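Listed below, chain by chain, are the residues.
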Amino acid sequence: MNDQRRPGTRDPYAGPGASSSLKKPPESIVRAESSQQAGRILVTRNHDVIRRWAEQRGARPATMPGSEYDGRLGVLRFDFPGYGGAVLRAVGWDEWFATFDARRLTFRYQERRADGGPSNFNRLEQSHRDDR
């Protein structure tokens, strides 16, 4: 699609009054299955992709002790070797993914930093899509 506009027409993606539903996603964010270029942020809900990414880095599913509520996991994290995971409590993949799905989260992550080195960047966010 061509982003050029006729003179005098309003860009629906620009300006302080633009609807948040019309704002373009940053170009560096792509669906996980489409790119693994260095520095790009990828997004997925695919359990196999998430588990592979974590296991390649030696990370294990975890939660913050004391964050549980009503017998359910609270804060979801990954415990990376050498990063002070002593404050985290290890949990199983099934329990971690059950919480991930129940909260309809998405997993944003990087495979590689912009310099090409491996990246541990990850973030869990509320999904704004209805395509579980």
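Residues numbered from 1 in each chain as written. Predicted model: local features only at pLDDT ≥ 70, side-chain atom pairs only at ≥ 80, totals over all residues. Heavy atoms only, no water.

(A) Representation of the nonpolar core in the model. By size, the foremost hydrophobic cluster in this structure holds 18 residues, and its most contacted members are Ile50, Trp53, Phe78, Trp96, Phe100 and Phe107. Of all the secondary structure elements, the ones that give two or more residues to this core are helix 1 (47-56), strand 4 (76-79), helix 2 (93-102) and strand 6 (105-109). Beyond its immediate stretch of four places on either side in the chain, Phe100 contacts Thr44, Arg45, His47, Ile50, Leu76, Leu105, Thr106, Phe107 and Leu124. (Core = buried A, V, L, I, M, F, W, Y, C linked by side-chain atoms within 4.5 Å. Buried < 20%, exposed > 50% of the residue type's maximum accessible area, 1.4 Å probe, protein only. Helix = DSSP H or I, 4+ residues; strand = E, 2+ residues; numbered from the N terminus. Contact = heavy atoms within 4.5 Å.)

(B) Spatial organisation of helix 2. Those residues of helix 2 not exposed but buried are Trp93, Trp96, Phe97, Thr99 and Phe100. Buried residues along helix 2 cover an arc of 160° about the axis, so they all sit on one side. Buried-residue contacts for helix 2 involve strand 2 (41-44), helix 1, strand 3 (60-63), strand 4, strand 6 and strand 7 (122-126). Of the residues one or two after helix 2, Arg104 is the one with positive phi, at around 55°. (Arc of directions from axis to C-beta.)

(C) Focus on helix 1. All of the buried residues along helix 1 are Val49, Ile50, Trp53 and Ala54. Down the axis of helix 1, the buried side of the element spans an arc of 125°, and every buried residue falls inside it. Pointing more than 90 degrees away from the buried face of helix 1 are the exposed residues Asp48 and Gln56. Against the buried residues of helix 1 lie strand 2, strand 4, helix 2, strand 6 and strand 7. One side-chain oxygen at the N-terminal end of helix 1 lies 2.8 Å from the backbone nitrogen of Asp48; it belongs to Asn46. (Polar contact = N/O pair within 3.5 Å; in protein donor to acceptor, adjacent residues only side chain to side chain.)

(D) Looking closely at the pattern of salt bridges. The final tally for this structure, using the stated rule, is 9 salt bridges. Residues Glu55 and Arg51 are paired through a salt bridge, measuring 2.9 Å at the closest nitrogen-oxygen approach. In this pair, Glu55 and Arg51 both sit in helix 1, 4 residues apart, roughly one turn of the helix. Residue Glu55 is classed as partly exposed on the basis of its relative accessible area, which comes to 44%. (Salt bridge = Lys/Arg side-chain N within 4 Å of Asp/Glu carboxyl O.)

(E) Expanded view of unusual backbone geometry. One non-glycine residue with positive phi stands out, namely Asp70, at about 55°. Positionally, Asp70 belongs in the loop between strand 3 and strand 4. With phi around 55°, Arg104 is a residue other than glycine that occupies positive phi space. Among the structural elements, Arg104 can be located in the loop between helix 2 and strand 6.

(F) Quick look at the confidence of the model for the protein chain. On average, residues of the protein chain score 79 in pLDDT, and 70% of them are at 70 or above. In this model, residues 1-6 is a region of pLDDT below 50 whose contacts with residues beyond four sequence positions or in other chains number 5 contacts. Within the model, the stretch residues 9-29 combines pLDDT values under 50 with 18 contacts to residues more than four positions away or in other chains. (pLDDT = per-residue confidence, 0-100.)

(G) Highlighting the side chain of Ser119. Summarising the element assignment, Ser119 is placed in the loop between strand 6 and strand 7. Residue classification places Ser119 among the buried residues on the basis of a relative accessible area of 4%. A distance of 2.8 Å separates a polar atom in the side chain of Ser119 from a polar atom in the side chain of Gln110.

(H) The arrangement of the packing of aromatic side chains in detail. For the coordinates displayed, the defined rule picks out 14 aromatic pairs. With a centroid separation of 6.0 Å and 50° between ring planes, the pair formed by Phe78 and Trp93 is classed as tilted. Residue Phe78 is located in strand 4, and its partner Trp93 is located in helix 2; the two are separated by 15 residues in the primary sequence. Residue Phe78 is classed as buried on the basis of its relative accessible area, which comes to 7%. Measuring from centroid to centroid gives 6.0 Å for Trp93 and Trp96, while their planes differ by 70°, and the two rings are edge-to-face. On the criterion of helical spacing, the pair formed by Trp93 and Trp96 is a turn pair, its members being 3 residues apart in helix 2. The class for Trp93 is buried, based on a relative accessible area of 12%. (Phe/Tyr/Trp six-rings, centres within 6.5 Å; stacked < 30°, edge-to-face > 60°.)

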